[in-house]
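Chain by chain, the residues:
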Amino acid sequence: MKNYTSINDIDNINSWIEEAKKIKANPLANKGLGKDKTLGLLFFNSSLRTRLSTQKAALNLGMNPIVMNVSGDAWGIEFGDGTVMNGNTAEHIKEAAAVVSQYCDIIAVRAFPSLTDKEKDESEHVLKSFVKFASVPIVSMESATGHPLQGLTDAITISENTTKKKPRVVLSWAPHIKTLPHAVGNSFVEAMQKMDVDFVITNPEGYNLSPEITKNTPIFHNQSAAFRNADFVYTKNWSSYDDYGKILKVDKDWMITKDKIGDAKFMHCLPVRRNVVVEDAVLNSDSSLVIEQANNRTFAAQLVLKKILESL
Ligand SMILES: NCCC[C@H](NC(=O)CCC(=O)O)C(=O)O
Ligand SMILES: NC(=O)OP(=O)(O)O
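Residues numbered from 1 in each chain as written. Chains lettered and ligands numbered in written order. Predicted model: local features only at pLDDT ≥ 70, side-chain atom pairs only at ≥ 80, totals over all residues.

## What about the packing of helix α7 (residues 148–161) against helix α8 (residues 183–194)?
Point 1. It is the contact of α7 with α8, at a shortest axis distance of 8 Å, that shows an interaxial angle of 45 degrees. In terms of axis orientation, α7 runs oblique to α8. In this structure, α7 crosses over α8, and the sense of that crossing is right-handed. Between α7 and α8, the contacting residues are Pro148, Gln150, Gly151, Leu152, Asp154 and Ala155 on the first element and Val184, Ser187, Phe188, Glu190 and Ala191 on the second.
Point 2. In terms of residue class, the contact of α7 with α8 is built from six nonpolar, three polar and two charged. (Axes fitted to C-alpha atoms, helices over the stretch in contact; angles between N-to-C directions. Helix = DSSP H or I, 4+ residues; strand = E, 2+ residues; numbered from the N terminus. Parallel < 35°, antiparallel > 145°, perpendicular 65-115°, else oblique. Left-handed = near helix turned anticlockwise from the far one by under 90°. Contact = placed C-beta atoms within 7 Å. Nonpolar A, V, L, I, M, F, W, Y, C, P; charged D, E, K, R; others polar.)

## Here we look at the site of ligand 1
Point 1. Near ligand 1 the following residues occur: Glu142, Lys178, Leu180, Pro181, Ala183, Val184, Cys269, Pro271 and Arg273.
Point 2. Partitioned by chemical class, the residues of the shell around ligand 1 number six nonpolar, no polar and three charged. (Near = placed C-beta within 6 Å.)

## Describing the site of ligand 2
Point 1. Ser47, Leu48, Arg49, Thr50, Arg51, Glu142, Gln150, Cys269, Leu270 and Pro271 make up every residue found near ligand 2.
Point 2. No other element matches helix α2 (residues 49–60), which puts three residues into the shell around ligand 2.
Point 3. Domain assignment of the residues forming the shell around ligand 2 places at least three in each of domain 1 (7–146 + 297–310) and domain 2 (148–293). (Domains from an automatic or database assignment.)

## Focus on the domain arrangement of the chain
Point 1. Partitioning the chain into structural domains gives domain 1 (7–146 + 297–310) and domain 2 (148–293).
Point 2. On a C-alpha basis, the centroid separation for the pair domain 1 and domain 2 is 25 Å.
Point 3. Taken together, the contact between domain 1 and domain 2 spans 28 residues of the former and 23 residues of the latter.
Point 4. In terms of residues, the side of domain 1 that touches domain 2 owes the most to one element, helix α13 (residues 290–310), which gives five residues.

## Overview of the sheet that holds strand β8 (residues 198–202)
Point 1. Across the sheet, five strands lie side by side as β9-β8-β7-β10-β11; this open sheet has parallel pairing. Of all the strands in the sheet, the pair left with one neighbour each is β9 (219–220) and β11 (265–267).
Point 2. Relative to β11, strand β10 (residues 232–236) is paired through three bridges, and the arrangement is parallel. Residue pairing in the sheet places Val233 in a bridge with Phe266 of β11.
Point 3. Sheet strands touched by α7: β7 (168–173), β10 and β11. Its angle to β11, the strand with the most contacts, is close to 170 degrees. (Pairing = 2+ DSSP bridges.)

## Some points on α13
Point 1. Here α13 is 21 residues long and its end C-alpha atoms lie 31 Å apart, about the 30 Å a rise of 1.5 Å per residue gives.
Point 2. The sharpest bend along α13 comes to roughly 25 degrees, located at Asn296.
Point 3. Among the 21 residues in α13, 15 count as buried, and that is most of the element. (Expected span 1.5 Å × (residues − 1). Bend = angle between axes of the 7 residues up to and from the residue. Buried ≥ 20, exposed ≤ 12 C-beta atoms within 10 Å, placed from the backbone.)

## As for the pairing of β10
Point 1. Burial of β10 is extensive: five of the five residues sit out of reach of the surface.
Point 2. The alternating pattern of β10 places Phe232, Tyr234 and Lys236 on one face and Val233 and Thr235 on the opposite face, and all of these are buried.
Point 3. Alignment of β7 against β10, held across five bridges, turns out to be parallel. Across the sheet, residue Ser172 finds its bridge partner in β10, namely Thr235.

Laid out in structure tokens, this is it:
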């Protein structure tokens, strides 16, 4: 595999899940694979899990990770073609990506959307510029429209925790005070569409994700109807896609509560705002899978890095 920038880069999700479980059972089995190879992690945005679990994955494979916060610490990077660079950007992605490629065998990038310019965000100009101008493989650590390491993690976590052959999985929107990206929701939808699960989405009117992502997946505007017989409730806030980047609703009636989800397992990518997105009683209960989910980030990243290293 050359790059990992989308759930669509997974050729067979079931075999990937089985391989990830093997890695989890014996994380140091491929310690020699990444010897003397360098992984560069470039962050345009904050991170706790991705930053640490991707480094941990690299270390488990014997790689040397190097990390940089691009925003603030590096020179401002210009992405426009033919720009007269007399503003705040000091170097062009053409030089920056080529230079980082000299130091790294794989480059991982986190770059969130603006949520103000839909066309620009959907063009994935930051991630795609790295793919275009770097001479080494690129891994997305969450881009404008997707978070494929998270989506793979979530598929692994559901496979590990299901007691049924075909569980009912519900992706529910929940309230938030900030305008948030669609990336986690999008990649979760794409991952579930590849799995043998009974999958539905529930969100208020005006909050449908891109129809190019949701395709034929049923969308309920009635949350309690969607939750009936749910085995897994995956929760995430996202801003409106149609009224791009806007917050249309903040009241608590879509917050996840124990009453609403009953015995269903609760999932969230984290970070999560307690008692805004989900009440304490859910996160504090045995039904919450969020810590195990975060643990699985290491093994999802390790699987992706292993596949790329094997093809170098
Ligand atoms: N990487 C996982 C989620 C990252 C981001 N969440 C956030 O920005 C939460 C920020 C806050 O709660 O202030 C998102 O929704 O895509
Ligand atoms: N779930 C996730 O990507 O967490 P971070 O934003 O902390 O990396």
